[in-house]
Every structure is written in C-alpha cells, then in structure tokens.
Amino acid sequence: MSNVVRSFADALALALPTAPTPTNPANDNVRRRLEDFRSALTTVDHTVTPAVDPGSLPAEAQAWLQSAIDGAQGTPGIVTAARNAATAGSWYQIYESGPASGHSGPEPHEVLTGGMFAAQMIGFRGLVTSDTLLAGLFLLGPGLHYPLHQHPATEIYFGVSGEICIQHGLDGEPQALGPGDVSLTPSNRLHALTVGTSPVLLLYCWLGELGGRQWWWRQDSDGHWYRDAYERTARASWERTASEAVPADVLARH
Ligand SMILES: [Fe+2]
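Residues numbered from 1 in each chain as written. Predicted model: local features only at pLDDT ≥ 70, side-chain atom pairs only at ≥ 80, totals over all residues. Heavy atoms only, no water.

Student: Please provide a residue-by-residue account of helix α4 (residues 76-88), values included.
Tutor: The first and last C-alpha atoms of α4 sit 18 Å apart over 13 residues, in line with the 18 Å expected at 1.5 Å per residue. What α4 keeps buried is the set Ile78, Val79, Ala81, Ala82, Ala85 and Ala86. For α4, the arc enclosing every buried residue in end-on projection is 165 degrees, short of the 170-degree limit, so these residues lie on one face. Residues of α4 that are exposed and point over 90 degrees away from its buried face: Pro76 and Thr87. (Helix = DSSP H or I, 4+ residues; strand = E, 2+ residues; numbered from the N terminus. Expected span 1.5 Å × (residues − 1). Buried < 20%, exposed > 50% of the residue type's maximum accessible area, 1.4 Å probe, protein only. Arc of directions from axis to C-beta.)

Printed below as a string of structure tokens:
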C-alpha cells in the first residue's frame, strides 16, 4: 500500500515545479509556495502505515470516478498514480449534516454532501499517517457549486480529469483549471469552485494549520453576509458547528 502512496507523492512532486497556474492572481508568488508542497511530498515518512477503513462510494459517485479515471489526462506518472490511488484509497463523504443554521434559504451542505468525496493518501485517515501534510484525491460531481469558503490551511489542487472554475476572493473572476494545471489557495483566502458538465478529479494537498474552523460564506437577499463554521470530525469529514453574521472587520479584509 505504501508503494501506491509513494508513487502518488513522487508523481505530484515531479509535476508541481512546471505546472501552469491559470487560476491564481499574478502576485500570489505561487512558485515559491509550491516548493513548500514539493518538499513536503518528498519527505513523507512512508513507514507509518495504519489499518484504514476501506470506505466506499455510492453508486452514482462510483460512476463519476470511473468516468473521471477513463478521461484522466497528464503524464503517465500522474495518470497511473491517480488510477492506483483511486483503487487503493478509503473514499469518504467530505461534508456531513449538522444542526440547522437558522438562516433562510437552503442549507448549502445539503447540496454538497452527496457531491464531494475524498480519498486520503497521506494524513489523519490516509494510507500513510501524517499530522503535517494532507494529500489525496478529491472527486466532485457534475454541475456542483462549492460556495465561497475559507480555511487556515494552505491548499493546492492539481487537475487530473474534467474542468473546474476556481474563484479567489469575494469579487474574483472565476478561472478555469484543467488537467495538468495547479491552483494554490493561501491561508484563509475565500475561494469557490464550480464544476462543468463532467465529473472532476483533482489531487489535493493541505499544509500549515490543518485543523480549526472552515467558514462557508453566503449572502441573503438583502445583501447581508453570513458564514457557517465547519469543524473536522474524528473521521476527517466536516460538520457544521456555528453560524454568524460575517463581522464587519472580517468583511472589510475580503
Ligand atoms: Fe479549500
């Protein structure tokens, strides 16, 4: 099992230095930050291999995954690593239901719970344990919109299959990320994802503060911004724990 993770980490580390970065604003200093990820991927301790819950995907998501794997593009190393990771990984649903927010309108996570899945290669519930780096596969269903959210960790997405638009910042223009491209999200930056008509398969990594609150933002019909906090459960998925109006000083920073 560790060989699957090693090949995954090596293939991604090899791709990062030259991968195009079409979704990032020009002043993000992406190349320097990607070096931190490349370095972390090449120094993972592969000797720690816990027993992992095998996990499973619902039938619809299994079909998305098969379609995405069939349509995977990139170097032979990336495509093989993604295919092997998809088979070996412990798939789980990323968001779980929490208590009602009390705000009007649909609860955002209700749309997303059945549309986003992850298989961690490295991390709390990875095939290789790490508490400093998370890395794995991220599967998103066709047409899914993952609303503006922010988290303390620095994140990268590397495209393997399908096309996804990524928005940085409250008023940023969404930019397309395709196979072979990489996107870097700095700590606590607002970002949103929108999937096209095909399922999307990404490789993801998190570095930095891996815990803490992840905030989802939403705007009511009067233009007021609210945000819901999600916190990681023991199974690595996320559950909502708080809701509030976005504080004025926070809004001013975005
Ligand atoms: Fe994110």
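Student: Provide a residue-level description of the pairing of strand β13 (residues 214-219), including the pertinent values.
Tutor: Counted residue by residue, β13 has five buried out of six residues, so it is predominantly covered. The pairing of strand β6 (residues 145-150) with β13 spans two bridges and is antiparallel. Residue pairing in the sheet places His149 in a bridge with Trp216 of β13. Between β13 and strand β14 (residues 225-232), which pair antiparallel and follow one another directly, the connecting turn spans five residues, one of which, Gly223, has a positive phi of 90 degrees. (Pairing = 2+ DSSP bridges.)

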